[in-house]
Amino acid sequence: MNAAVRTDAPRQGASLGTSSTERAVGLERPIEDSRQLDTRHGVILYLEDITVSFDGFKAINHLNLAIDRGELRAIIGPNGAGKTTMMDVITGKTRPTAGRAFFGQTIDLARLNEAQIAHAGIGRKFQKPTVFEELTVFENLELAMKTDKRVWASLFFRLTGEARARIEARLELIGLKEHAQRAAGLLSHGQKQWLEIGMLLMQEPQLLLLDEPAAGMTDEETERSGELFLTLAGEYTLVVVEHDMDFIKQISAGRRVTCLHEGSVLAEGSLEQVQNNERVIEVYLGR
Amino acid sequence: MTSLLARLQTAALVLALGLCGSATLARPAPELVLQLATGDNDARIAALGTLAASADPDALPLLEALRDDALKSRGGNQAVIYDGETARDAITGKPLVPVPDDLEDVMTNNRVTVALDAAFAAFDLAAPERATRLAAVRTLQESGDPALLPLLDKALATEKDPQVIDLLRVAQAGARLHHPDRATRLAAIETLGGSGAPGARAQLGSLLEKNGASFVEADAAVREAARKAISHIDTWLEIGEIAGGLFTGVSLASILLLAALGLAITYGLMGVINMAHGELIMIGAYATFLVQNLLRTHAPGLFEFYPLFAIPVAFLVSALVGATMERLVIRHLYGRPLETLLATWGISLVLIQGVRSLFGAQNVMVENPAWLSGGVQVMSNLILPWNRLAIIAFAILVVMGMSLILTRTRLGLFVRAVTQNRQMAGCVGVATPRVDTLAFALGSGVAGLAGCALAQVGNVGPDLGQSYIIDSFMVVVLGGVGQLAGTVYAALGLGVFNKLLEGVAGAVLAKITVLVLIIVFIQKRPQGLFAVKGRFADN
Amino acid sequence: MNKTLTARLFGPKAWAALLVFAAVTLVMVPVLNLAVPADSAFHLSTYWVTLIGKIMCYAIVALAMDLVWGYTGILSLGHGIFFALGGYGMGMYLMRAIGREGNYQSDLPDFMVFLNWKTLPWYWQGTEHFLWALALVVLVPGLLAFVFGYFAFRSRIKGVYFSIITQALTYAAMLLFFRNETGFGGNNGFTDFKRILGFAITAPETRVVLFGLTATALMGALLLGRFIVTSKLGRVLAAIRDAESRVMFSGYNPLPYKLFIWTLSAVLCAIAGALYVPQVGIINPGEMSPANSIEIAIWTAVGGRGTLIGPLIGAGLINGVKSWFTVAFPEYWLYFLGLIFILVTLWLPRGVVGQLQSWFSKKEKRA
């Protein structure tokens, strides 16, 4: 099953498990220093032998994956390959049945809930754009902005001039400046995609997970978002799940691409390597 | 203790009287008649015992007179039968004209009434109808009066029906408990022990009581046998009680199941929160009421079978109301569950008030037909009422019917297709709006069936539905949405658990406990007993 | 849109309206009721003072409902339990304040004497102190809401599931309070109050004071609600309503947010209940019936969800009509209420205020 081109995953798993021991059940717990992202060894996301099964069906089957800091990794794979479930595992929506997931060297993702994971620095864009439809575009970005996100802090929150400037800058970047005071629900599908990307950036995450970000965008918009991702890579780490092969080509030149199939890594390497892999061809073109 | 003494005295008296009177008894002996009318209650009971033992048909009018309060005493020395218009001497039969104005009522007490029942029963032992004989022997069983022995022997000699024979034997054994012969007593004890009846337990217990310093039963070995027989009976009574608890639990479960099945379709499969579901049940019950009345007035010959007519009518009426609701209101609210909830609550209010305006706020009478009343006696303390048994069977049939409809018919296929993927079903040519209406009508119709069944065991009033709505939602939620099997298990579990808890905590606390437990349970397993897991589970 | 809505609701005109309301309820009503002679055309009878006071209590409840349903998307069908618990808390004090003037002239409330109880149950201890009763009014429903909410929200129960469970909760509580042994007067609940803090409870002056307190509480609740929904917390709540998973992946834990607004809403209901009981003079388990709780939702829906002011109007409209209907055509009230439920959800989903709002904004666009 996993006989594909594999990354030489750093073998340091044994030392990883001991560091973060606090449990993720508290109502309101500030993110403590021990949860600070530690990427001294260059790896920002490390999935080790993850399995997720739903009533016997294995959506993810012994998946191993390592993402380096600053990387832009494209992930492809046919429907049902486990791409979305993998993102669910990383963001805490689904708990793995077996295996471990680490953010940096010290943050055990299995111990955190969704909000804590987001706070630790992982941002996620959904397959279907999800924005707060009843709020204005500005308010959407304001809510996403990195800040103290506990109840009392929110109740007495006042927008500073500096924060306002940051939001304005993002509005510019995602091209929604003139829509700032419109309800997000009134935006077009593509605009919602942009807004969601803008919200992700407001979170100032270390790692961005993007689930089919180009879906519903015009060709021009797709190309623009590709360019945006390329400029973001390096400063941020991006994992992009996409079906659009042109888009993949645009963003993955000279980078690593991973192909998932039936819940595990089928092939990994440069786009050409993956595209020419016999097993990948077999999976995509049918048997 | 005292009652026992009284009984012994009575027995002695009856024996004495019986001996002196038996030779010439062509009609009730005059002294017995006088004793009935003018004696004290003990004397009356004694006289009744004699009359019962004689089983003399001529005594029947006299007994009936006593029962109907027509037997009067005149001056303490004449027995008179006065039927409200004419009076005659109870012994000679001679009319008394004019009606004397010094007639005194015979004041009877409960013990006399019991003895009177026993006397009637003695006559009924020879009745041609099996049911009458059965009832008679059941009445006599508890008396344990040795004077009845000849009568019982006679009945045993002619009786052919095995069940009546069994009961006669028990009655005979009860009457033989104080027989002078030790072996006979032992045999009687064994028979009583084997009968497992609560009445037999009391009779056996009387042997162990002390009469002054000595036991009623002098023989220690016989007492020991009685003790064993009692514990044997106790075991059976306990088993009967547990079985009874389980049965009422299953019966409640069948009712919950019927009430919830419709919801399993409309809520479980279609996702429509129909707060008027209870009112659809109520409408089914009223439809049953109407069918009953129609048949009673227009086709009395068919009245016995009115439930069979009511079943399709209740189904159709509720289905029609449901389909109308779906077309007029619910259709416009798909995808907005909270609004659906409020709108259907509004519908329920209108329906309740509508029924109130049409039929009045009072409960209406729905009778069981004869074949649904009464019950089958499985054990001495366990009677399974026919109507409850019928509802259990009915619930099983409805579940089977529904799963057949859902899995084997085109409608079922369409319903499942539409509920799983509406757009795709529409794309392949399923008329989704029509399927919605039909599916909702089906769920509503099943609610009507529930109403038809509920009318056989509970009150039928405008508020009937309100008392079932929360319970049925709990069943569906507990069972897991979209799972027919889950609904069945949840209903069974809830019904039995609720009834068992009732035995410990009482009805209200049991109900509260069950509600709280469901709330706690759902915290643990929000998807219900039978969770649908996976990526789409929470969307 | 939301912004303009909130802005309009709390613009200068709204502040003026609030001032007028304060003047009417705190000055005019007392004057018209107490100072104007009974035979004058301007006299406001005590009947009206009580009725309006009662409706203002309902308005607080509707506002509390709006905070959880309109703004956070959590439809509670069990808010009656918090209202009733607040009422019972106040009722306990009022029962104790009767002292020995009850039918049995006992230190114990009449129903306890009737049940042959010799001592007060432990949970009645201290209820003769007004302040402790007030603490109970807030703490018991608040704690219940907190614990229930914590478990429900933690297991991510939402939507209709949550609604049905809250309905079961209030239903179970109603059954519990119907029992005599529970110690709250069973079916009959508490009634025949004599005085509050030493003042005769039926005296017009006491009623006017209670009326003023209710009006003040209503205004306070409105201002508190305004503060919350215009804060960033209010926007997080709206975000939870629209896309809870996005909220989580944006780094907010929805649990404390929901719990905060849910508990606050329950406490507001309880305060309304505590103000209601001395004015109406009775509290019984009927207040916990599921039908009562679901009616609260329709007040909010009629006025307009997510508008704060709408629910107040809705509560006033429905209850005003109700008090007229149930006298004039009692048998038609349920038809009317039922139709309101249906028609509002079908044709007026944004409620009266929401509808007016969109008319106004259309007009503005045209102009």
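Residues numbered from 1 in each chain as written. Chains lettered and ligands numbered in written order. Predicted model: local features only at pLDDT ≥ 70, side-chain atom pairs only at ≥ 80, totals over all residues.

## Structural notes on the overall build of chain C
The condition that has to hold: The way it works is that DSSP assigns letters per residue, a run of H or I at least four long becomes a helix, a run of E at least two long becomes a strand, and they are numbered from the N terminus. We compute the radius of gyration over the C-alpha atoms and compare it with the globule rule, which gives 2.2 Å times the number of residues raised to the power 0.38. We call a residue exposed when 12 or fewer other C-beta atoms sit within 10 Å of its C-beta, buried when the count reaches 20 or more, and partly exposed for counts in between; the C-beta positions come from the backbone.
Across its full length, chain C holds 15 helices and four strands. Taken over C-alpha atoms, the radius of gyration comes to 21 Å for chain C, in line with the 21 Å a tight globule of 367 residues would show. Considered along the principal axes of its C-alpha atoms, chain C spans approximately 70 × 55 × 40 Å. Out of the 367 residues belonging to chain C, those deemed buried represent 49%.

## Thoughts on the confidence of the model for chain A
Heads up, the rule is: Here pLDDT means the predictor's own confidence in every residue, given as a number from 0 to 100. Contact between two residues is assigned whenever their backbone-derived C-beta positions fall within 7 Å.
Confidence along chain A averages 81 in pLDDT terms, with 87% of residues attaining 70 or more. Taken together, the stretch residues 1-34 of chain A has pLDDT below 50 and engages in 49 contacts with residues farther than four places along the chain or on a different chain.

## Re helix α6 (residues 130-154) of chain C
Just so we agree on the cut-off: Expected helix span is given by 1.5 Å per residue-to-residue step, counting one fewer step than there are residues.
With 25 residues, α6(C) should cover 36 Å at 1.5 Å per step; its first-to-last C-alpha distance of 35 Å lies within 8% of that length. Along α6(C), the positions that sit buried rather than exposed are Ala133(C), Leu136(C), Val137(C), Pro141(C), Ala145(C), Phe148(C), Gly149(C), Ala152(C) and Phe153(C). For α6(C), the secondary structure elements touched by its buried residues are α21 (507-524) of chain B together with α4 (79-97), α7 (159-178) and α11 (254-280) of chain C. Backbone geometry just after α6(C) places Arg156(C) at a positive phi near 60°.

## Digging into helix α11 (residues 220-269) of chain B
All names here are of chain B. Rules: Here the bend at each residue means the angle between axes fitted to two seven-residue stretches, the one ending at that residue and the one beginning there.
With 50 residues, α11 ought to run about 74 Å at 1.5 Å a step, and its terminal C-alpha atoms sit 69 Å apart, in line with that. Where α11 bends most, at Leu263, the angle is about 40°. Gly271 occupies a position one or two residues after α11 and carries a positive phi of about 75°.

## As for the interface of chain C and chain B
We count it as follows: When residues are sorted by character, Ala, Val, Leu, Ile, Met, Phe, Trp, Tyr, Cys and Pro go into the nonpolar class, Asp, Glu, Lys and Arg into the charged class, and all the rest, Gly among them, into the polar class.
The interface is formed by 37 residues belonging to chain C together with 32 residues belonging to chain B. Elements that contribute at least two residues to the side of chain C that touches chain B include exactly α6, α7, α12 (290-303) and α14 (333-347) of chain C. Sort the elements by how many residues they give to the side of chain C that touches chain B and α7(C) lands first, with 13 residues. Counted by class, the side of chain C that touches chain B contains 28 nonpolar, six polar and three charged residues.

## Regarding unusual backbone geometry
Residue and element names in this part refer to chain A. Positive phi is not limited to glycine here, since Glu204 has a value of about 50°. On the secondary structure map, Glu204 appears in the loop between α7 (189-202) and β7 (207-211). Residue classification places Glu204 among the partly exposed positions, given that 14 C-beta atoms sit within 10 Å. One non-glycine residue with positive phi stands out, namely Glu262, at about 50°. Tracing the backbone shows Glu262 in the loop between β9 (257-261) and β10 (264-269). Judged by the 16 C-beta atoms lying within 10 Å of it, Glu262 is partly exposed.

## Things to note about the interface of chain A and chain C
The interface of chain A with chain C comprises 28 residues on the first partner and 25 residues on the second. For the side of chain A that touches chain C, the elements supplying multiple residues, two or more each, are α3 (114-120), α4 (137-144) and α5 (151-155) of chain A. With four residues, α3(A) is the largest single contributor of residues to the side of chain A that touches chain C.

## Quick notes on the sheet that holds strand β3 (residues 87-89) of chain B
By way of backbone hydrogen bonds, the strands of a sheet pair with one another, either parallel or antiparallel. Residue and element names in this part refer to chain B. What counts, and what does not: For two strands to count as paired, DSSP must find a minimum of two bridges between them.
One open sheet holds the five strands; their spatial order is β4-β3-β2-β1-β5, and the pairing between them is antiparallel. Pairing within the sheet leaves two strands with one partner each, and these edge strands are β4 (95-96) and β5 (103-105). Note that strand β1 (residues 71-74) and β5 share three bridges and pair antiparallel. Within β5, the position partnered with Ser73 by the bridge is Glu104.

## Concerning the pairing of strand β2 (residues 78-82) of chain B
Residue and element names in this part refer to chain B. Of all five residues in β2, five are buried, a share of seventy percent or more. Bridging between β2 and β3 involves three bridges; their strand directions are antiparallel. Paired with Tyr82 across the bridge in β3 is Ala87. In this structure, the hairpin formed by β2 and β3 is closed by a connection of four residues, where Gly84 is found at a positive phi of approximately 100°.

## Quick word on the nonpolar core
Nonpolar side chains tend toward joint burial in soluble globular proteins. We apply this condition: A set of buried Ala, Val, Leu, Ile, Met, Phe, Trp, Tyr and Cys residues, joined to one another through C-beta atoms within 7 Å, is what we call a nonpolar core.
If you look at the biggest cluster of nonpolar residues, it comprises 285 residues, and the most contacted ones within it are Ile60(C), Val61(C) and Leu63(C). Dropping the residues within four chain positions of it, Ile60(C) is found in contact with Ala217(C), Leu218(C), Ala221(C), Leu268(C), Ile271(C) and Ala272(C). Judged by nonpolar contacts, the second largest core, of 62 residues, contains Ile45(B), Leu66(B), Ala121(B) and Trp236(B).

## With respect to the sheet that holds β7(A)
All names here are of chain A. For clarity, the threshold we go by: Between the N-to-C directions of two axes lies an angle of 0 to 180 degrees, each axis being a line fitted to C-alpha atoms and, for a helix, fitted only over the stretch in contact.
Spatially, β6-β7-β8-β3-β9-β10 is the arrangement adopted by the six strands of the open sheet, whose pairing is mixed. Strands with a single pairing partner mark the edges of an open sheet, and in this sheet they are β6 (122-125) and β10. Strand-to-strand twist of the sheet, defined as the mean angle between neighbouring strand axes without regard to direction, takes the value 20°.

## Side note on the environment of Asn79(A)
Residue and element names in this part refer to chain A. For Asn79, the location among the structural elements is in the loop between β3 (72-76) and α2 (83-91). Since 7 C-beta atoms lie within 10 Å of it, Asn79 is described here as exposed. Spatially, the C-alpha atom of Asn79 lies 16 Å from that of Leu210, the residues being 131 residues apart in sequence.

## With respect to the packing of α11(B) against helix α15 (residues 386-408) of chain B
Between two packed helices, the angle of one axis relative to the other and the distance separating the axes together describe the packing. Residues and elements named next belong to chain B. For clarity, the cut-off: Angle categories: roughly parallel below 35 degrees, roughly antiparallel above 145, roughly perpendicular from 65 to 115, and oblique for all the rest. Crossing chirality is assigned from the near helix's rotation relative to the far helix, an anticlockwise turn below a right angle marking it left-handed and a clockwise turn marking it right-handed.
Axis separation between α11 and α15 bottoms out at 9 Å; the angle between their running directions is 40°. Our classification of the angle between α11 and α15 gives oblique. By crossing handedness, the relation of α11 to α15 is classed as left-handed. Between α11, through Val250, Ser251, Ser254, Ile255, Leu257, Leu258 and Leu261, and α15, the contact on the second element is made entirely by Arg388, Ile391, Ile392, Ala395, Val398, Val399 and Met402. Split by residue class, the contact of α11 with α15 holds 11 nonpolar, two polar and one charged.

## Looking at the confidence of the model for chain C
Residues and elements named next belong to chain C. When pLDDT is averaged across chain C, the result is 90; 97% of the residues are at 70 or more. Long-range and interchain partners of residues 1-5, a stretch whose pLDDT sits below 50, account for eight contacts in this model, where long-range means more than four residues apart. Both scores are given for the predicted complex: the pTM is 0.80, the ipTM 0.90.

## Description of the pairing of strand β9 (residues 382-385) of chain B
Two strands pair when backbone bridges link them, and strand β8 (residues 375-379) of chain B and β9(B) are joined in this way by four bridges, in the antiparallel orientation. In the sheet register, Gln377(B) faces β9(B), and the bridge partner there is Ile383(B).

## Overview of the packing of helix α9 (residues 182-195) of chain B against helix α10 (residues 198-208) of chain B
All names here are of chain B. Their axes nearest at 8 Å, the elements α9 and α10 cross at an angle of 145°. The chirality of how α9 crosses α10 is left-handed. Of the residues in α10, those in contact with Ile189, Leu192 and Ser195 of α9 are Ala200, Gln203 and Leu204. Across the contact of α9 with α10, the residue classes tally to four nonpolar, two polar and no charged.

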